[in-house]
Amino acid sequence: MTVDSAELLAEGYTAEFPDADEPILLDANGNEVLTWQENYPFTERMPRAEYDRLKRLLQIELLKLQHWVAETGQRLVILFEGRDAAGKGGTIKRFTEHLDPRGARTVALDKPSEREQGEWYFQRYVRRLPTAGESVLFDRSWYNRAVVEHVMGYCTRAEYDLFMRQAPVFERMLVEDGVLLVKLWFSVSRNEQRTRFVIRQIDPVRQWKLSPNDIRSLDHWDDYTEAKVAMLRSTDTEIAPWTVVKSNDKKRARIEAMRSVLARFDYHDKDLEVVGTPDVRIVGPAATLLE
Ligand code: ADP
Ligand code: MLT
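Throughout this description, residue numbers start from 1 for each chain and increase along the sequence as written. Think of it this way: whatever chain is written first is A, whatever ligand is written first is 1, and the rest follow in order. Local features are withheld for residues below a pLDDT of 70 in this predicted model, meaning they are given only at 70 or higher, and side-chain atom pairs are given and counted only at 80 or more; totals for whole chains, interfaces and linings count all residues. The basis for every side-chain value is the complete set of heavy atoms in the structure, and neither hydrogens nor water enter the calculation.

(A) View of the site of ligand 2. Around ligand 2, the neighbouring residues are R83, D84, A85, A86, G87, K88, G89, G90, R200 and K209. Polar contacts, as used here, are pairs of N or O atoms within 3.5 Å; protein pairs need one atom able to donate a hydrogen and one able to accept it. Residues neighboring in sequence count only if both atoms are side-chain atoms. Within the backbone of A86, one N or O atom sits 2.9 Å away from an oxygen atom of ligand 2. Contact distances for ligand 2 include 2.7 Å between an oxygen atom and a backbone N or O atom of G89. Numbering of helices and strands runs from the N terminus, with a helix taken as a DSSP run of H or I at least four residues long and a strand as a DSSP run of E at least two residues long. The greatest single-element share of the shell around ligand 2, amounting to three residues, is contributed by helix α2 (residues 88-96). Residue polarity is assigned by list, with Asp, Glu, Lys and Arg as charged and Ala, Val, Leu, Ile, Met, Phe, Trp, Tyr, Cys and Pro as nonpolar; anything else, Gly included, falls into the polar class. For the shell around ligand 2, the class distribution of residues is two nonpolar, three polar and five charged. Nearness is defined per residue: one heavy atom within 4 Å of the molecule or strand is enough.

Pasting the structure below:
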């Protein structure tokens, strides 16, 4: 399928933009599409005002976390993973909105170049790891091989098998060396993913996000599910566990992802009341939240 045939995806739909962050999709009958409620523990989205208030407070805590990492010379790595349109990019944007760009950066790599294809698979990611005092957020990561590359056939079976064996070993090396490693899996439901693709098709400021891979992934839902389960089986380890974030409500997902990251570190001047306790209905260990 090409992006052109994605035109069909949006046929009959219209969108309204009362909240720039959260377009409302209407079907051919003018009814609001509410796929976000699918398997979701809330029937109302987090209200804008509450979101804005919490986001600001948690962003202040994220700054304290960044400063603590810098002052203590530690290295922080956060992986943002999940299916297409799960909300990785949007969450990273809010994480980094007020961080000091000196010392905090996002890594979003394109498909491997010819030179990179000749390297050890992990090599290009190793090059982007933080040095003392830095925080690095990976918008997709070495887990590409376990999921999109495997499902789309961009790697061989042997390369995939090798990755599944090496990833836990690689991560153990990082953690034993003192790297603070956080692995977040953003979970979106099947119909909500489709809704987000339709919105990407309609909304001019989101069209660039719609890739041919996105459209193809609609036909590969079950393959992605299988790949995700296998990935967790091999890589949800005690020293580098996965944290799942239920992302059908983007605002709630962003807030709880921030809480979850902050809750695990004892940084200087931490406001325990603001950080609170991550909502177990939205964020937690893979075993408790994945369908
Ligand atoms: P996005 O990250 O915006 O969702 P895509 O859906 O187009 O981008 O691609 C998903 C991931 O698959 C990206 O990390 C991209 O680099 C990777 N990818 C795309 N094509 C290939 C390829 N031929 N070989 C390896 N990786 C690829
Ligand atoms: C994704 O998960 O594919 C995107 O990063 C979603 C987003 O940009 O919010």
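What follows continues from the structure just given.
(B) Broad picture of the packing of aromatic side chains. Each Phe, Tyr or Trp ring (for Trp, its six-membered ring) is paired with any other whose centre lies within 6.5 Å, and the angle between the two planes then decides the class: stacked below 30 degrees, edge-to-face above 60, tilted in between. For the coordinates displayed, the defined rule picks out 20 aromatic pairs. Relative to F163, the ring of Y121 has its centre 5.7 Å away and its plane inclined at 90°; by these criteria the two rings are edge-to-face. With Y121 in the loop between α3 (114-117) and α4 (123-126) and F163 in helix α6 (residues 157-176), the pair connects residues that are 42 residues apart, well separated along the chain. F163 gets classed as buried once you look at its relative accessible area, which sits at 2%. Between Y125 and W142, the aromatic rings sit 6.1 Å apart at their centres with planes inclined by 80°, giving edge-to-face as the arrangement. Partly exposed residues are those whose accessible area sits between 20% and 50% of the maximum for their type, while under 20% is buried and over 50% is exposed, using a 1.4 Å probe and protein chains only.

(C) Up close: the sheet that holds strand β7 (residues 242-246). DSSP bridges decide pairing: two strands pair if at least two such bridges lie between them. Taken together, the six strands give an open sheet; going across it, the order is β4-β5-β3-β6-β7-β8, and neighbouring strands pair in mixed fashion. A strand with exactly one partner marks an edge of an open sheet, and here the two such strands are β4 (104-107) and β8 (283-285). The average undirected angle you get between the axes of adjacent strands in this sheet is 25°. Angles run from 0 to 180 degrees between N-to-C directions of axes, and those axes are lines fitted to C-alpha atoms, restricted for helices to the stretch in contact.

(D) Here's a closer look at the side chain of R124. Residue placement: R124 occurs in helix α4. Of note is the side chain of R124, whose polar atom sits 2.9 Å from the backbone oxygen of D110. It only takes one pair of heavy atoms within 4.5 Å for two residues to be counted as in contact. Excluding residues that lie within four positions of it along the chain, R124 makes contacts with L109, D110, K111, P112, E116 and E119.

(E) Spatial organisation of the pairing of strand β6 (residues 180-187). Of all eight residues making up β6, eight are buried, and the element is well covered by its neighbours. In β6, alternate side chains face the same way, and those of L180, V182, L184 and F186 on one face and L181, K183, W185 and S187 on the other are all buried. Note: strand β3 (residues 76-82) against β6, seven bridges, orientation parallel. By the bridge assignment for β6, L79 is matched with K183. One ladder, built from five bridges, connects β6 with β7; its direction is parallel. Across the sheet, K183 pairs through a bridge with W242, a residue of β7.

(F) How the structure looks around the environment of E32. If you trace the backbone, E32 turns up in the loop between β2 (24-26) and α1 (48-71). A C-alpha to C-alpha distance of 9.8 Å links E32 and E16, two positions 16 residues apart in sequence. Apart from residues lying up to four places away in sequence, E32 is in contact with I24, L25, L26 and R45.

(G) Representation of the nonpolar core within the structure. To form a nonpolar core, buried Ala, Val, Leu, Ile, Met, Phe, Trp, Tyr and Cys residues must be joined to one another through side-chain atoms within 4.5 Å. Counting residues in each nonpolar core, the largest one holds 37 residues, and the members touching the most others are F138, W142, Y143, F163 and M231. Listed by contribution, the elements that provide at least two residues to this core are β3, β5 (135-139), α5 (148-152), α6, β6, α9 (221-235), β7 and α12 (286-289). Here this core takes six residues from α6, the largest share from any one element. If we skip the residues at most four places from it in the chain, Y143 touches L79, E81, F163, A167, E171, K183, M231, T235 and W242. Counting residues in hydrophobic clusters, the runner-up holds 34 residues, among them M46, A104, L137 and L180.

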